[in-house]
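Structural characterization, general
Take a look at the letters that make up each chain.
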Amino acid sequence: MGGFHLVTDLDGTWLAGSPSARQGLEAVLAARQGIVLTFATGRTFTSALEAIAHWDLHPPDHLITDVGAALFHRDSTGNWVENQVWARRATSAWNASAAAGVLAAGLPGTLRPQPDLVPLRRLAFQASGPAELAAAEPGLAETCRLQGLVADLLPSHGIYLDVLPHGIHKGSALAYLQAACRLPRPIVGCGDSTNDLALFEAADLPLLMQDGLPDREIPAPLRDRIHRTKAPGPEGIHLALAAFGLLEGASHGR
Ligand SMILES: [Mg+2]
């Protein structure tokens, strides 16, 4: 069995299911040579590190945060170092003063900044529910246009709405990381929500959680090559990696 690059979302994906299943997969991954682990999350860097500490996660080699707006590498001493090339690329695509103008102009409907979050090179909002989110999105797009903020609006999980630098998402960050660090392939990309669609696009083997996005929300070309797990969280990922022939079977299977 050769190496591969496992890229996984956190909430609803790596953090879903039983901790023992995750720890079982972490042990298998750590025991094998040539496997690179990356977390790709909508969380901020601070929030991602809090999750790693809180759930006692095996730390990844690379960390994509802020839905792709930031990329970090773990050095040989375990410290996190931000990739400055990617930071410059995201910053150059982001008009911070126009973004401040969007916040100052007032938000439509129930849209509010996500509490206790200091997002990097993006705006992170949440609405009170899916209907409220759908109702608020056109108004926010118009506010961005009026304030001169060229950005991509990305809804996820039915309540979140991220405003990202144009062309910046989990997929573009992954493609940059893959090339810049010459990481092994195949790329297995795991996620559960709309903000993982770009990650799926950039992956050789896109892997959707069993209770993630419904098929109708997956674009047709991607729908034909996406795999859906047969168990929640890392248990489902482990089973899929075995089915792909990348790992031996899951001993903790149900
Ligand atoms: Mg998720």
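Just so it is clear, the model here is predicted, and its values are computed rather than measured.

Here we take up the sheet that holds strand β11 (residues 205–208). With mixed pairing, the eight strands of this open sheet are ordered in space as β5-β4-β3-β2-β1-β10-β11-β12. Looking at strand neighbours, the two that pair on one side only are β5 (80–82) and β12 (227–228), the edges of this open sheet. Here strand β1 (residues 4–8) runs beside strand β10 (residues 187–191); their pairing, made up of four bridges, is parallel. Directly across from Leu6, in β10, lies its bridge partner Val188. Against the sheet, helix α7 (residues 170–180) makes contact with β1, β2 (35–40), β3 (62–65), β4 (70–74) and β10, and its axis sits at roughly 155° relative to β3, the strand it touches most.

For the structure on display, the rule yields 12 salt bridges. Across the pair Arg122 and Asp66 runs a salt bridge, and its minimum N-O distance is 3.0 Å. With Arg122 in the loop between β6 (112–113) and β7 (123–126) and Asp66 in the loop between β3 and β4, this pair connects stretches of sequence that are 56 residues apart. For Lys170, the salt bridge goes to Asp196, with nearest N and O atoms at 2.6 Å. Here Lys170, found in helix α7, pairs with Asp196, found in the loop between β10 and α8 (197–202); they are 26 residues apart in sequence, far enough to count as distant. Take Lys170: its relative accessible area is 0%, and that puts it in the buried class. Under the relative-accessibility criterion, Asp196 is labelled buried at 0%. One salt-bridge network, held together by shared partners, links Asp9, Lys170 and Asp196.

Turning our eyes to something else, we now look at the pairing of β11. Burial along β11 is two-sided: Leu205 and Leu207 facing one way and Pro206 and Leu208 facing the other are all buried. When β10 meets β11, the two strands line up parallel, connected through four bridges. Paired with Gly189 across the bridge in β11 is Pro206. Following the chain from β10 across α8 to the adjacent parallel β11, one finds a crossover that is right-handed.

Counting through the fold element by element, Thr194 comes out in the loop between β10 and α8. For Thr194, the side chain forms a polar contact with the main-chain oxygen of Pro155, separated by 2.5 Å. Ignoring any residue separated from it by four or fewer positions in sequence, one finds Thr194 in contact with Leu154, Pro155, Ser156, His157, Leu213 and Glu217.

The magnesium ion binds to the protein through Asp9 (OD), Asp11 (O) and Asp192 (OD); the donor distances cover 2.2 Å. Expressed as a motif, the donor residue spacing for the magnesium ion is D-x1-D-x180-D. A relative accessible area of 30% means that Asp11 is categorised as partly exposed.

Relative to each other, helix α4 (residues 84–92) and α7 sit at 145°, their axes nearing to 11 Å. For α4 against α7, the interelement crossing comes out right-handed. In contact with Val85, Trp86 and Arg89 of α4, α7 contributes Ser172, Ala173 and Tyr176. Split by residue class, the contact of α4 with α7 holds four nonpolar, one polar and one charged.

Here we come to the domain arrangement of the protein. As far as domains go, the protein holds domain 1 (4–88 + 168–243) and domain 2 (94–165). The distance between the C-alpha centroids of domain 1 and domain 2 comes to 24 Å. On the domain 2 side, the residues contacting the 15 residues of domain 1 number 14 residues. There are two salt bridges connecting domain 1 and domain 2. If you look at where domain 1 meets domain 2, you find nine residue pairs in polar contact (both at pLDDT 80 or more).

Rules used in this analysis
- Residues numbered from 1 in each chain as written.
- Predicted model: local features only at pLDDT ≥ 70, side-chain atom pairs only at ≥ 80, totals over all residues.
- Heavy atoms only, no water.
- Pairing = 2+ DSSP bridges.
- Helix = DSSP H or I, 4+ residues; strand = E, 2+ residues; numbered from the N terminus.
- Contact = heavy atoms within 4.5 Å.
- Axes fitted to C-alpha atoms, helices over the stretch in contact; angles between N-to-C directions.
- Salt bridge = Lys/Arg side-chain N within 4 Å of Asp/Glu carboxyl O.
- Buried < 20%, exposed > 50% of the residue type's maximum accessible area, 1.4 Å probe, protein only.
- Right-handed = clockwise from strand over helix to strand, strands pointing away.
- Polar contact = N/O pair within 3.5 Å; in protein donor to acceptor, adjacent residues only side chain to side chain.
- Donors = N, O, S within 2.8 Å, 3.2 Å for Na, K, Ca; no water.
- Left-handed = near helix turned anticlockwise from the far one by under 90°.
- Nonpolar A, V, L, I, M, F, W, Y, C, P; charged D, E, K, R; others polar.
- Domains from an automatic or database assignment.

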